[in-house]
Amino acid sequence: MLTQAFPQSLVDEVLAETGRVQQRNRLLPARLVVYFVLAMCLFSGQSYEEVARLLTAGLQGARSWRASWVVPSTAAIWKARSRLGVAPLRQLFARVCHPVAAPDTQGAFYRDWRLAAIDGTTFDLPDTSANVEAFGRPPRSGRGEQNVGYPQLRMVGLVECGTHVIFDAALAALRTGEQTLARAVLVSLRPGMLLLADRGFYGVDLWREAAATGADLLWRVRKDLVLPVVEQLPDGSYLTEIFDRSDIHHTRRGVPVRAVEYTIAGHEGVYRLITTILDPDKAPAAELAALYAQRWEFEMCQPQCTHKWELAV
């Protein structure tokens, strides 16, 4: 499976481009180490040695590895990973990972739009002083404890709804905000996509950058955001404008958007969405309200929403 998704010729090409081809024969050549790192994702609960054994057994079965081979020690594997570095894996990700949904893939499309979602998460790291210095720990609790929690890495990624394929991702220290990382992945948006995002990503500048890619947007916004009604539409949504913080008196023309407000049974308050799709005939408000539930695709939840909701008119 790994060699089908990541052909050996592509791995060798990436290693050459990043200058990671080994200079002498080793027990763990660079190509094998690339596949080893990929295999660790499939066998995350296994030890280094067991992952190496499973990987080479599979390669021998696929006639991709014909020589006799001794499973190396953990120290040897660690040194081989250090020699490889992150550059080949980063480039391999960029070359291979892209939206893959077919027109009939359930939950991957809304009308003519390919659905994508953006969200952020964090990963715990080994509790070492180097990781603490490089990435930082979560904020301390109110009880005054020191060194609480593991060091953490922040990630923001783009995921294709329906397939759960993450087709771009940005990583940084925990102190880096999600909006900062979001700017790094917006370059992977394309016309014909519809990007779903939670209210934590809202900002006029980021909205402009995302819309400039040609993709359409459907983002949740805060309840206290001032959205003047420019025109009430027959489907219950309304045309409005969003403004930069620097223009608090709205003396300049804002960015035109369409707002959808609705409630969910069993949940208090009104949910507010804004979208670049201004024509209600192309995307009725009721459909957009139901569609927003697919933002949780990033967290590998079910693509359909089971809540009962109503438009807030």
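Up top is the structure these notes are about.
Residues numbered from 1 in each chain as written. Predicted model: local features only at pLDDT ≥ 70, side-chain atom pairs only at ≥ 80, totals over all residues. Heavy atoms only, no water.

Asks: Where do I start with the overall build of the protein in this structure?
Replies: Looking only at helices and strands, one finds ten helices and eleven strands in the protein. Put simply, the protein has 313 residues, and 42% of those count as buried. Long-range pairs, those at least 24 residues apart, make up 59% of the contacts in the protein between residues at least 6 apart in sequence. Here the protein has roughly 17200 Å² of accessible surface; of this, 53% comes from carbon and sulfur atoms. (Helix = DSSP H or I, 4+ residues; strand = E, 2+ residues; numbered from the N terminus. Buried < 20%, exposed > 50% of the residue type's maximum accessible area, 1.4 Å probe, protein only. Contact = heavy atoms within 4.5 Å. Areas by Shrake-Rupley, 256 points an atom, 1.4 Å probe, with all protein chains shown as cover.)

Asks: Honestly, helix 9 (residues 204-211) in this entry has me stumped. Any pointers?
Replies: Every α-helix carries 3.6 residues per turn, so stepping three or four residues along brings you back to the same face. For helix 9, the set of buried residues is V204, L206, W207 and A210. Each buried residue of helix 9 sits inside an arc of 160° when the element is viewed along its axis, so together they form one side. Buried residues along helix 9 sit against helix 8 (178-185), strand 6 (216-220), strand 8 (238-242), strand 9 (255-264) and strand 10 (271-275). (Arc of directions from axis to C-beta.)

Asks: Mind showing me how you'd approach the pairing of strand 3 (residues 152-160) here?
Replies: A regular strand places its side chains so that they alternate between the two faces of the sheet. Taking burial as the measure, the nine residues of strand 3 include nine buried ones, the bulk of the element. The alternating pattern of strand 3 places Q152, R154, V156, L158 and E160 and L153, M155, G157 and V159 on opposite faces, both of which are buried. Examined bridge by bridge, strand 2 (residues 113-124) and strand 3 share nine bridges and lie antiparallel to one another. Its bridge partner lying in strand 3, F123 is registered against L153. Taken together, the eight bridges between strand 3 and strand 4 (residues 165-173) define a ladder with antiparallel strand orientation. Within the sheet, the bridge partner assigned to M155 lies in strand 4 and is L171. (Pairing = 2+ DSSP bridges.)

Asks: Would you mind showing me how to read the nonpolar core here?
Replies: Soluble, globular proteins show a tendency: their nonpolar side chains are buried together. Within the largest apolar cluster, 33 residues are counted, with the highest numbers of intra-cluster contacts made by I118, L195, I242 and I274. Among the elements that line this core, the one with the most residues is helix 9, at four residues. Counting 26 residues, the second-largest nonpolar core is a separate cluster that includes L10, L15, A52 and I77. (Core = buried A, V, L, I, M, F, W, Y, C linked by side-chain atoms within 4.5 Å.)

Asks: I would appreciate a short explanation of the packing of helix 3 (residues 30-42) against helix 5 (residues 74-84) in the present structure.
Replies: Two measures define how a pair of helices packs: the angle their axes make with one another and the distance between the axes. Packing of helix 3 against helix 5 brings their axes to within 10 Å, and their N-to-C directions diverge by 105°. On the basis of the axis angle, helix 3 is roughly perpendicular to helix 5. Taking contact as the criterion, the partners of A30, V33, V34, F36, V37 and M40 in helix 3 are, on helix 5, I77, A80, R81 and L84. Residue composition of the contact of helix 3 with helix 5, grouped by class: nine nonpolar, no polar and one charged. (Axes fitted to C-alpha atoms, helices over the stretch in contact; angles between N-to-C directions. Parallel < 35°, antiparallel > 145°, perpendicular 65-115°, else oblique. Nonpolar A, V, L, I, M, F, W, Y, C, P; charged D, E, K, R; others polar.)

Asks: Would you mind showing me how to read the side chain of R258 here?
Replies: Within the element layout of this structure, R258 appears in strand 9. Reaching out from R258, the side chain makes a polar contact with the side chain of S237 at a distance of 2.9 Å. Of the polar contacts made by the side chain of R258, one reaches the backbone oxygen of I277; its length is 2.9 Å. (Polar contact = N/O pair within 3.5 Å; in protein donor to acceptor, adjacent residues only side chain to side chain.)

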